[in-house]
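Structure at a glance
So the chains spell out like this:
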Amino acid sequence: MRANGLQEVWQQGRCALNAWLSIGSSYSAEVVAHLPYDAVTVDLQHGMFDIETALSMLQAISTTAAVPMVRVPANTAWLIQKVLDMGAYGVICPMIDTRDQCEAFVRTMRYPPHGDRSYGPARGILYGGADYVNGADEAVLSWAMMETKLALENLEQIASVPGLHGLYIGPSDLSMTLEGVISNPLSPRVIRELERVIQVARAHNLRVGIFCPDVAFARVMVASGCDLVTVMNDAGLLRKATGAIIAEMQITADL
Ligand code: 3PY
Ligand code: MG
(Lines give C-alpha, C1' and ligand atoms only; values in the text may rest on other atoms or scores of the structure.)
(Ligands and ions follow the chains in the order given, each with its own letter.)
Protein backbone atom coordinates (compact mmCIF):
# COMPACT_ATOMS: atom_id res chain seq x y z
CA MET A 1 0.00 0.00 0.00
CA ARG A 2 1.14 3.54 -0.72
CA ALA A 3 2.65 4.98 2.47
CA ASN A 4 1.21 8.19 3.88
CA GLY A 5 3.74 10.91 3.02
CA LEU A 6 2.89 12.79 6.21
CA GLN A 7 4.07 9.87 8.33
CA GLU A 8 7.34 9.98 6.37
CA VAL A 9 7.68 13.73 6.99
CA TRP A 10 7.20 13.16 10.73
CA GLN A 11 9.70 10.31 10.77
CA GLN A 12 12.22 12.83 9.43
CA GLY A 13 11.36 15.08 12.39
CA ARG A 14 9.85 17.82 10.20
CA CYS A 15 6.67 19.84 10.58
CA ALA A 16 4.44 19.34 7.52
CA LEU A 17 3.11 22.23 5.44
CA ASN A 18 -0.50 21.79 4.38
CA ALA A 19 -2.47 23.74 1.76
CA TRP A 20 -6.19 24.46 2.21
CA LEU A 21 -8.60 24.57 -0.73
CA SER A 22 -11.85 26.50 -0.60
CA ILE A 23 -12.14 27.16 -4.34
CA GLY A 24 -14.01 24.36 -6.13
CA SER A 25 -11.80 23.70 -9.14
CA SER A 26 -9.72 20.69 -10.13
CA TYR A 27 -7.36 22.99 -12.03
CA SER A 28 -6.84 25.24 -9.03
CA ALA A 29 -6.27 22.14 -6.86
CA GLU A 30 -3.75 20.81 -9.38
CA VAL A 31 -1.83 24.10 -9.47
CA VAL A 32 -1.58 24.23 -5.67
CA ALA A 33 -0.67 20.54 -5.35
CA HIS A 34 2.21 21.00 -7.83
CA LEU A 35 3.82 23.38 -5.34
CA PRO A 36 6.01 21.62 -2.77
CA TYR A 37 3.33 21.23 -0.08
CA ASP A 38 3.44 18.05 2.02
CA ALA A 39 -0.37 17.80 2.02
CA VAL A 40 -3.35 19.50 0.41
CA THR A 41 -6.74 19.61 2.15
CA VAL A 42 -10.03 19.91 0.29
CA ASP A 43 -12.39 21.89 2.56
CA LEU A 44 -15.90 20.50 2.19
CA GLN A 45 -17.08 22.40 5.28
CA HIS A 46 -16.53 26.02 4.30
CA GLY A 47 -15.31 25.51 0.71
CA MET A 48 -17.60 26.75 -2.07
CA PHE A 49 -18.28 23.39 -3.74
CA ASP A 50 -19.97 20.03 -3.35
CA ILE A 51 -18.83 16.43 -3.10
CA GLU A 52 -18.53 15.72 -6.85
CA THR A 53 -16.18 18.65 -7.27
CA ALA A 54 -14.23 17.34 -4.26
CA LEU A 55 -13.71 14.07 -6.19
CA SER A 56 -12.14 15.86 -9.17
CA MET A 57 -9.98 17.93 -6.79
CA LEU A 58 -8.71 14.76 -5.09
CA GLN A 59 -7.92 13.29 -8.52
CA ALA A 60 -5.96 16.44 -9.36
CA ILE A 61 -4.02 16.40 -6.07
CA SER A 62 -3.12 12.75 -6.52
CA THR A 63 -1.16 13.54 -9.70
CA THR A 64 1.46 14.87 -7.25
CA ALA A 65 3.31 13.70 -4.12
CA ALA A 66 1.15 15.89 -1.82
CA VAL A 67 -1.04 13.88 0.57
CA PRO A 68 -4.73 14.40 -0.29
CA MET A 69 -6.92 15.16 2.73
CA VAL A 70 -10.51 16.31 3.19
CA ARG A 71 -12.12 18.40 5.89
CA VAL A 72 -15.67 17.06 6.00
CA PRO A 73 -18.60 19.37 6.87
CA ALA A 74 -19.79 17.25 9.80
CA ASN A 75 -19.28 14.03 11.73
CA THR A 76 -21.56 12.12 9.36
CA ALA A 77 -20.72 8.49 8.61
CA TRP A 78 -21.87 8.20 4.98
CA LEU A 79 -20.07 11.40 4.02
CA ILE A 80 -16.83 10.47 5.75
CA GLN A 81 -16.86 7.00 4.19
CA LYS A 82 -17.53 8.48 0.76
CA VAL A 83 -14.48 10.77 0.90
CA LEU A 84 -12.41 7.81 2.14
CA ASP A 85 -13.59 5.78 -0.86
CA MET A 86 -12.66 8.78 -3.01
CA GLY A 87 -9.04 8.31 -1.91
CA ALA A 88 -8.64 10.82 0.93
CA TYR A 89 -5.54 9.85 2.93
CA GLY A 90 -6.67 11.95 5.89
CA VAL A 91 -10.01 13.24 7.19
CA ILE A 92 -10.30 16.32 9.38
CA CYS A 93 -13.60 16.29 11.27
CA PRO A 94 -14.86 19.65 12.61
CA MET A 95 -16.50 20.33 15.95
CA ILE A 96 -15.56 17.17 17.86
CA ASP A 97 -16.75 18.12 21.33
CA THR A 98 -17.06 14.88 23.31
CA ARG A 99 -15.45 11.46 23.63
CA ASP A 100 -18.60 9.82 22.20
CA GLN A 101 -18.41 11.98 19.09
CA CYS A 102 -14.72 11.19 18.69
CA GLU A 103 -15.31 7.44 19.11
CA ALA A 104 -18.05 7.55 16.47
CA PHE A 105 -15.71 9.42 14.10
CA VAL A 106 -12.86 6.95 14.54
CA ARG A 107 -15.20 3.94 14.18
CA THR A 108 -16.44 5.38 10.89
CA MET A 109 -12.84 5.72 9.66
CA ARG A 110 -11.82 2.11 10.39
CA TYR A 111 -12.66 -1.26 8.87
CA PRO A 112 -13.87 -4.13 11.06
CA PRO A 113 -12.93 -5.41 13.58
CA HIS A 114 -11.89 -1.96 14.90
CA GLY A 115 -14.61 0.05 13.19
CA ASP A 116 -17.63 -0.09 10.95
CA ARG A 117 -16.35 1.31 7.66
CA SER A 118 -18.22 -0.37 4.83
CA TYR A 119 -16.25 -2.15 2.09
CA GLY A 120 -16.11 -0.39 -1.31
CA PRO A 121 -12.76 1.41 -1.52
CA ALA A 122 -13.11 2.51 -5.20
CA ARG A 123 -10.45 5.25 -5.62
CA GLY A 124 -8.89 4.19 -2.32
CA ILE A 125 -7.47 1.20 -4.19
CA LEU A 126 -6.52 3.22 -7.29
CA TYR A 127 -4.57 5.69 -5.14
CA GLY A 128 -3.44 3.45 -2.30
CA GLY A 129 -2.81 0.15 -4.10
CA ALA A 130 -4.37 -3.31 -4.22
CA ASP A 131 -3.72 -3.99 -0.52
CA TYR A 132 -5.35 -0.71 0.54
CA VAL A 133 -7.93 -2.39 2.76
CA ASN A 134 -5.25 -4.09 4.89
CA GLY A 135 -3.37 -0.88 5.68
CA ALA A 136 -6.02 1.86 5.49
CA ASP A 137 -6.77 2.00 9.23
CA GLU A 138 -3.17 2.97 9.94
CA ALA A 139 -2.23 4.94 6.83
CA VAL A 140 -5.36 7.07 6.51
CA LEU A 141 -5.20 9.75 9.19
CA SER A 142 -8.13 10.65 11.41
CA TRP A 143 -7.95 14.22 12.75
CA ALA A 144 -10.46 15.48 15.34
CA MET A 145 -10.84 19.25 15.28
CA MET A 146 -10.53 21.00 18.66
CA GLU A 147 -12.34 24.27 18.21
CA THR A 148 -14.90 24.77 20.97
CA LYS A 149 -15.02 25.49 24.69
CA LEU A 150 -16.73 22.14 25.21
CA ALA A 151 -13.95 20.29 23.37
CA LEU A 152 -11.41 21.93 25.68
CA GLU A 153 -13.37 20.73 28.70
CA ASN A 154 -13.34 17.18 27.30
CA LEU A 155 -9.83 17.33 25.87
CA GLU A 156 -8.25 14.46 27.82
CA GLN A 157 -11.16 12.09 27.13
CA ILE A 158 -11.16 12.95 23.42
CA ALA A 159 -7.38 12.60 23.10
CA SER A 160 -7.41 9.13 24.64
CA VAL A 161 -9.73 7.58 22.02
CA PRO A 162 -7.88 4.55 20.55
CA GLY A 163 -7.20 4.76 16.81
CA LEU A 164 -7.28 8.57 16.62
CA HIS A 165 -4.18 9.95 14.84
CA GLY A 166 -4.29 13.66 15.56
CA LEU A 167 -5.90 16.81 16.93
CA TYR A 168 -6.37 19.69 14.52
CA ILE A 169 -6.87 23.12 16.11
CA GLY A 170 -9.36 25.62 14.66
CA PRO A 171 -8.32 28.96 16.21
CA SER A 172 -11.25 30.93 14.71
CA ASP A 173 -14.03 28.82 16.22
CA LEU A 174 -11.99 28.47 19.39
CA SER A 175 -11.89 32.28 19.65
CA MET A 176 -15.59 32.55 18.87
CA THR A 177 -16.61 30.10 21.57
CA LEU A 178 -14.12 31.37 24.19
CA GLU A 179 -14.21 35.13 23.55
CA GLY A 180 -17.21 35.78 21.27
CA VAL A 181 -14.91 37.39 18.68
CA ILE A 182 -11.93 36.52 16.51
CA SER A 183 -8.95 38.73 17.22
CA ASN A 184 -5.66 38.99 15.38
CA PRO A 185 -3.33 38.43 17.17
CA LEU A 186 -5.26 35.78 19.06
CA SER A 187 -6.10 36.59 22.69
CA PRO A 188 -3.72 35.34 25.41
CA ARG A 189 -6.50 33.02 26.64
CA VAL A 190 -6.87 31.36 23.22
CA ILE A 191 -3.08 31.04 22.93
CA ARG A 192 -2.94 29.40 26.38
CA GLU A 193 -5.66 26.95 25.41
CA LEU A 194 -4.12 25.96 22.10
CA GLU A 195 -0.78 25.41 23.83
CA ARG A 196 -2.62 23.08 26.21
CA VAL A 197 -4.04 21.17 23.20
CA ILE A 198 -0.48 20.73 21.89
CA GLN A 199 0.70 19.40 25.29
CA VAL A 200 -2.22 16.97 25.63
CA ALA A 201 -1.69 15.73 22.06
CA ARG A 202 1.99 15.10 22.87
CA ALA A 203 1.08 13.23 26.06
CA HIS A 204 -1.23 10.90 24.09
CA ASN A 205 1.16 10.34 21.17
CA LEU A 206 -1.14 12.22 18.82
CA ARG A 207 -0.07 14.48 15.97
CA VAL A 208 -1.19 18.07 16.17
CA GLY A 209 -2.14 20.36 13.30
CA ILE A 210 -3.38 23.93 13.21
CA PHE A 211 -4.86 26.48 10.82
CA CYS A 212 -2.80 29.70 10.80
CA PRO A 213 -3.92 33.10 9.51
CA ASP A 214 -0.36 34.14 8.60
CA VAL A 215 3.28 33.05 8.43
CA ALA A 216 4.32 34.76 11.69
CA PHE A 217 1.77 32.76 13.67
CA ALA A 218 2.65 29.55 11.78
CA ARG A 219 6.33 30.00 12.74
CA VAL A 220 5.37 30.24 16.41
CA MET A 221 3.24 27.10 16.06
CA VAL A 222 6.10 25.18 14.44
CA ALA A 223 8.35 26.22 17.34
CA SER A 224 5.62 25.13 19.80
CA GLY A 225 5.80 21.59 18.46
CA CYS A 226 2.98 21.35 15.90
CA ASP A 227 3.35 18.53 13.38
CA LEU A 228 1.37 20.18 10.59
CA VAL A 229 0.59 23.81 9.86
CA THR A 230 -1.81 25.28 7.32
CA VAL A 231 -1.05 28.88 6.37
CA MET A 232 -4.18 30.60 4.98
CA ASN A 233 -6.47 29.13 2.31
CA ASP A 234 -6.39 29.46 -1.47
CA ALA A 235 -8.95 32.29 -1.55
CA GLY A 236 -7.02 34.24 1.10
CA LEU A 237 -3.75 33.75 -0.79
CA LEU A 238 -5.37 34.87 -4.06
CA ARG A 239 -6.76 37.96 -2.35
CA LYS A 240 -3.42 38.75 -0.74
CA ALA A 241 -1.32 38.29 -3.88
CA THR A 242 -3.80 40.19 -6.06
CA GLY A 243 -4.04 43.00 -3.52
CA ALA A 244 -0.24 43.27 -3.43
CA ILE A 245 -0.09 43.61 -7.23
CA ILE A 246 -2.83 46.24 -7.26
CA ALA A 247 -0.98 48.17 -4.55
CA GLU A 248 2.29 47.96 -6.52
CA MET A 249 0.60 49.11 -9.71
CA GLN A 250 -0.94 52.06 -7.91
CA ILE A 251 2.51 53.13 -6.78
CA THR A 252 3.70 52.80 -10.39
CA ALA A 253 0.69 54.77 -11.66
CA ASP A 254 1.41 57.55 -9.14
CA LEU A 255 4.98 57.95 -10.46
C1 3PY B 1 -11.18 27.43 12.60
O2 3PY B 1 -10.20 28.15 12.84
O3 3PY B 1 -12.22 27.42 13.27
C4 3PY B 1 -11.12 26.52 11.46
O5 3PY B 1 -12.03 25.75 11.27
C6 3PY B 1 -9.92 26.62 10.58
O7 3PY B 1 -10.06 25.85 9.47
MG1 MG C 1 -13.72 26.00 12.48
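The structure we're discussing is the one just above.
Below, the structure is looked at part by part.

This part takes up the overall build of the protein. Across its full length, the protein carries 13 helices and 8 strands. A compact globule built from 255 residues should have a C-alpha radius of gyration of about 18 Å, and the protein, at 18 Å, falls within 12% of that. Each principal axis of the C-alpha distribution contributes one length, and for the protein these read about 70 × 40 × 35 Å. Within the protein, the proportion of its 255 residues that are buried is 49%. A sequence separation of at least 24 residues applies to 63% of the contacts in the protein between residues at least 6 apart. By element, 57% of the accessible surface of the protein is carried by carbon and sulfur atoms, the whole surface being about 11,700 Å². Of the side-chain charges in the protein, 18 are positive and 26 negative, and the distance between the mean point of each set is 3 Å.

Let us now look at the coordination of the magnesium ion (ligand 2). On the protein side, the magnesium ion (ligand 2) has Glu 147 (OE) and Asp 173 (OD) as donor atoms, found 2.0 to 2.1 Å from it. Taken together, the residues Glu 147 in the loop between β5 (141-146) and α8 (149-153) and Asp 173 in helix α10 (residues 171-179) connect sequence positions 26 residues apart. With a relative accessible area of 2%, Glu 147 lands in the buried category. Exposure remark for Asp 173: the relative accessible area of 23% places this residue in the partly exposed category.

Where helix α12 (residues 215-223) is concerned, the buried positions are Phe 217, Ala 218 and Met 221. Viewed end-on, α12 has its buried residues packed into an arc of 100 degrees, placing them on one side of the element. Residues of α12 that are exposed and angled more than 90 degrees away from the buried face: Ala 216, Arg 219 and Ala 223. Along its buried surface, α12 packs onto α11 (188-203), β7 (207-212) and β8 (228-231). Two or three places before Ala 216, at the start of α12, stands the capping residue Asp 214, its side-chain oxygen 3.4 Å from that residue's backbone nitrogen. Positive phi appears at Gly 225, one or two residues downstream of α12, with a value of about 105 degrees.

Once that is clear, we can look at the pairing of β5. Most of β5 is tucked away: 6 of the 6 residues are buried. In this sheet, β5 lies alongside strand β4 (residues 90-93) in parallel orientation, the contact comprising 4 bridges. Following the sheet pairing, Ile 92 is matched in β5 by Trp 143. Summarising the sheet, β5 and strand β6 (residues 166-169) pair through 4 bridges and their orientation is parallel. Residue Met 146 lies in a different strand from β6, and its bridge partner there is Ile 169.

Turning our eyes to something else, we now look at the sheet that holds β7. With parallel pairing, 8 strands are arranged side by side around a closed barrel as β1-β2-β3-β4-β5-β6-β7-β8. The sheet shows a mean angle of 25 degrees between the axes of neighbouring strands, direction not considered. Across 3 bridges, strand β1 (residues 16-21) lies against β8 in parallel orientation. If you follow Ala 16 over to β8, its bridge partner there is Leu 228. Strands in contact with helix α3 (residues 51-61) are β1, β2 (39-43) and β3 (67-71); relative to β2, the strand with the most contacts, it is inclined by about 175 degrees.

Below, the discussion takes up the pattern of salt bridges. Under the defined criterion, the tally for this structure stands at 10 salt bridges. Two residues, Asp 43 and Arg 71, come together in a salt bridge whose shortest N-O distance is 2.8 Å. In this pair, Asp 43 sits in strand β2 while Arg 71 sits in strand β3, placing the two residues 28 residues apart along the sequence. Classification of Asp 43 by relative accessible area gives buried; the value is 2%. In this structure Arg 71 comes out as buried when scored by relative accessible area, which is 7%. The closest approach of N and O atoms between Arg 99 and Glu 103, which form a salt bridge, is 3.0 Å.

How each quantity is defined
- Residues numbered from 1 in each chain as written.
- Chains lettered and ligands numbered in written order.
- Predicted model: local features only at pLDDT ≥ 70, side-chain atom pairs only at ≥ 80, totals over all residues.
- Heavy atoms only, no water.
- Helix = DSSP H or I, 4+ residues; strand = E, 2+ residues; numbered from the N terminus.
- Rg over C-alpha atoms; globule rule 2.2 N^0.38 Å.
- Buried < 20%, exposed > 50% of the residue type's maximum accessible area, 1.4 Å probe, protein only.
- Contact = heavy atoms within 4.5 Å.
- Areas by Shrake-Rupley, 256 points an atom, 1.4 Å probe, with all protein chains shown as cover.
- Lys, Arg positive; Asp, Glu negative; His and termini not counted.
- Charge placed at Lys NZ, Arg CZ, Asp CG, Glu CD.
- Donors = N, O, S within 2.8 Å, 3.2 Å for Na, K, Ca; no water.
- Arc of directions from axis to C-beta.
- Polar contact = N/O pair within 3.5 Å; in protein donor to acceptor, adjacent residues only side chain to side chain.
- Pairing = 2+ DSSP bridges.
- Axes fitted to C-alpha atoms, helices over the stretch in contact; angles between N-to-C directions.
- Salt bridge = Lys/Arg side-chain N within 4 Å of Asp/Glu carboxyl O.

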